[in-house]
Amino acid sequence: MQTKLADFIKNSPQGEEADAILRSCVHCGFCLATCPTYQILGDELDSPRGRIYLMKQVLEGQPVTQKTQAHLDRCLTCRACETTCPSGVRYGALVDIGRAIVEQQVKRDIRSDVMRFTLRKVLPNAMLFNTLFKAGQAVRPLLPGSLKRKIPQKLKSAKTWPEAQHARKMLVLDGCVQPALAPNINAATARVLDNLGISLIRAENAGCCGAVAFHLNAQEEGLDYMRRNIDAWWPQVERKEVEAIVVTASGCGVTVKEYGHFLQHDAAYAGKAAKISALAKDIGEVLHAELENIERLLAQRSVKAEKNRLSFHSPCTLQHGMRIRGVVEKILVAAGFDLTVVPNAHLCCGSAGTYSILQPELSQQLLKNKVTALESGKPDQIATANIGCLMHLQTGTALSVKHWIELMDERLSGD
């Protein structure tokens, strides 16, 4: 692709990166076949190739309209196009750059501005979100069905978090909404790792990974969250007290793994960010490296593998963002679960961070398609690897939806 970037961005780091990405695109159109929004809408401008053309025009200084913004807003950033692309186009990085420029040039209406501001201020603030969430649970019986489905019933408290007693230690990202919505996920992770001789520890002041603000185009705000986490983790990382930073929400995991990229031009944080990204591991990667030990534990405890049928939804951030495919499935099969075949498993469920709130119609159609696919194999329950997907899927099915690490904890503890 030939480019002629406008002076306002041509010689900037973002401009140089965008130019290189644009030039790698060969217009082949392979991405159209795997783009969820193009499959639903059938509009070239709602495909990766079409959006790349729109962003090229923006970067070359052509007029930017609300129509351009709408097409970019409708992108899920699922990155399925990156998995498909034979040229290795880094679409996710390009759309971050393109959206930020469009946000500066196109004024949103007040309703949209307020919604996005509220999401940026509430979701990453764990204390505020937890307070509002509990209030929502209190009035849940009085809400209409559509809202009631979005607020889970009162959850059981997380089970015991084991004391840090092992020589091997790993840090964990608490996250922002997960502790309130599913408090047992990280506790289950700690118990599973404790069985393997690894202590999972939390760092004070670490919280939101930064993805919420960053992908709502408040990018400097998102970078500040990233810097805060790096500061919280750095003392133990610098002293080499931990061997990994474990992330149990794949949406956060793909972000932490890219801290090095996001902060590459920050002289004070570039080196630290690269180190943090190198240490970041999805919990699936950690357990896959311990698979022989897991199998030994199951055999020693004579754990009977109940052949309950399980449908696994691999989040986009896991399979397309981090390129971790088949790893969780292998662990679940080794633990005795009977996995069903999921048609079109590469397609997004429609959660996509705040997408389900900001693009409800498209999100609901994707949810319906995904639930149909997940239920087609007649499973007893559904598992996934991201809190956003978990909550979204649960609103569309009567089956139980859990994080897969909770199922592993149940299997290892005999529950």
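Fair warning: this is a prediction, and the values are worked out from it, not measured in the lab.

(A) Representation of the overall build of the protein. Scanning the protein from N- to C-terminus turns up 25 helices and eight strands. Against the compact-globule benchmark of 22 Å for 415 residues, the protein has a radius of gyration of 21 Å, which places it among compact chains. Its C-alpha atoms give the protein principal-axis dimensions of roughly 65 × 50 × 45 Å. By the burial criterion, 55% of the 415 residues in the protein qualify as buried. With 50 positive and 42 negative side-chain charges, the protein shows a separation of 4 Å between the mean positions of the two kinds.

(B) Representation of helix 4 (residues 48-59) within the structure. Taking 1.5 Å per residue as the helical rise, helix 4 with its 12 residues ought to reach 16 Å, and the 16 Å between its terminal C-alpha atoms agrees with that figure. Counting buried positions along helix 4 yields 10 of 12 residues, so the element is predominantly enclosed. For helix 4, the complete set of buried residues consists of Pro 48, Arg 49, Gly 50, Arg 51, Ile 52, Leu 54, Met 55, Lys 56, Val 58 and Leu 59. Buried residues along helix 4 sit against helix 1 (7-10), helix 2 (13-24), helix 3 (36-41), helix 5 (66-73), helix 6 (80-84) and helix 7 (91-105). One or two positions beyond helix 4, positive phi appears at Gly 61, with a value near 90°.

(C) Just helix 21 (residues 327-334), in detail. When we look at burial in helix 21, the residues that qualify are Val 327, Val 328, Ile 331 and Leu 332. Buried positions in helix 21, seen along its axis, are confined to an arc of 135° and lie on one side of it. In the core, the buried residues of helix 21 are packed alongside helix 18 (283-289), helix 19 (291-300), strand 5 (309-313), helix 20 (316-321), strand 6 (338-339) and helix 25 (404-413). Looking one or two residues past helix 21, Gly 336 carries a phi angle of roughly 100°, positive in sign.

(D) How the structure looks around the packing of helix 2 against helix 7. With their axes 10 Å apart at the nearest point, helix 2 and helix 7 run at an angle of 135° to one another. Considering the angle they form, helix 2 stands oblique to helix 7. In this structure, helix 2 crosses over helix 7, and the sense of that crossing is left-handed. Here Gln 14, Glu 17, Ala 18, Ile 21 and Leu 22 of helix 2 lie close against helix 7, whose contacting residues are Ala 93, Leu 94 and Ile 97. Among the residues forming the contact of helix 2 with helix 7, the class breakdown is six nonpolar, one polar and one charged.

(E) A look at the sheet that holds strand 5. Pairing is parallel in the open sheet, where four strands are placed in the order 6-5-7-8. The sheet is open, and its two edges are formed by strand 6 and strand 8 (401-403), each paired on a single side. Across two bridges, strand 5 lies against strand 6 in parallel orientation. Residue pairing for strand 6: Arg 309 is matched across the bridge by Asp 338. Each of strand 5, strand 7 (381-384) and strand 8 is contacted by helix 24 (residues 387-394), which is oriented at about 170° to strand 8, the strand it contacts most. In this fold helix 25 packs onto strand 5, strand 7 and strand 8, with an angle of close to 80° to the strand it touches most, strand 8.

(F) Looking closely at the nonpolar core. Ranked by internal contacts, the top residues of the largest apolar core, which has 96 residues, are Trp 233, Leu 287 and Trp 404. With eight residues, helix 14 (residues 219-238) is the largest single contributor of residues to this core. Setting aside residues up to four positions removed in sequence, Trp 404 forms contacts with Ile 283, Gly 284, Leu 287, Phe 312, Val 328, Ile 331, Leu 332, Ala 383, Thr 384 and Ala 385. Within the second largest apolar cluster, 27 residues are counted, among which are Cys 31, Ile 52, Cys 81 and Ile 97.

(G) Representation of the sheet that holds strand 2 (residues 198-202) in the model. Pairing is parallel across the open sheet formed by four strands, whose spatial order is 2-1-3-4. Lying at the two open borders of the sheet, with one neighbouring strand each, are strand 2 and strand 4 (280-282). Adjacent strand axes in the sheet meet at a mean angle of 40°, parallel and antiparallel pairs treated alike. Where strand 1 (residues 168-172) lies against strand 2, five bridges are found, and the strand directions are parallel. Residue pairing across strands places Leu 171 opposite Ile 201, the latter belonging to strand 2. Contacting strand 1, strand 2 and strand 3 (245-247), helix 12 (residues 184-195) runs over the sheet at an angle of about 150° to strand 2. Packed onto the sheet, helix 14 meets strand 1, strand 2 and strand 3 and runs at close to 165° relative to strand 1.

Calculation rules
- Position numbers for residues start from 1 in each chain and track the written sequence from start to end.
- Local features in this predicted model are restricted to residues whose pLDDT is 70 or higher, and side-chain atom pairs enter the listing and the counts only when it is 80 or higher, whereas totals over whole chains, interfaces and linings include all residues.
- Water and hydrogen atoms were dropped before computing side-chain values, which therefore reflect all heavy atoms in the structure.
- Runs of H or I in DSSP of at least four residues are treated as helices and runs of E of at least two as strands, each being numbered from the N terminus.
- The atom set for the radius of gyration is the C-alpha atoms, and the globule formula is 2.2 Å times the number of residues raised to the power 0.38.
- A 1.4 Å probe rolled over the protein chains alone gives each residue an accessible area, and that area as a share of the maximum for its type sets the label: buried under 20%, exposed over 50%, partly exposed in between.
- When charges are counted, Lys and Arg contribute as positive and Asp and Glu as negative, whereas His and the chain ends are disregarded.
- A single reference atom marks each charge: NZ on Lys, CZ on Arg, CG on Asp, CD on Glu.
- To estimate the expected span of a helix, subtract one from its residue number and multiply by 1.5 Å.
- Contact criterion: two residues are considered in contact whenever any of their non-hydrogen atoms come within 4.5 Å of each other.
- An arc is given here, and it is the one of the directions from the helix axis to the C-beta atoms.
- Comment: axis = line fitted to C-alpha atoms, over the contacting stretch for helices; angle = value between 0 and 180 degrees taken between N-to-C directions.
- Comment on the angle field: the value is read as roughly parallel under 35 degrees, roughly antiparallel over 145, roughly perpendicular from 65 to 115, and oblique elsewhere.
- By convention, the crossing between two helices is left-handed when the near helix turns anticlockwise from the far helix through less than a right angle, and right-handed when the turn is clockwise.
- In this classification, the charged set is Asp, Glu, Lys and Arg, the nonpolar set is Ala, Val, Leu, Ile, Met, Phe, Trp, Tyr, Cys and Pro, and all remaining amino acids, among them Gly, are polar.
- Only strands joined by at least two bridges in the DSSP assignment are considered to pair.
- Buried Ala, Val, Leu, Ile, Met, Phe, Trp, Tyr and Cys residues that are joined via side-chain atoms within 4.5 Å together make up what is termed a nonpolar core.

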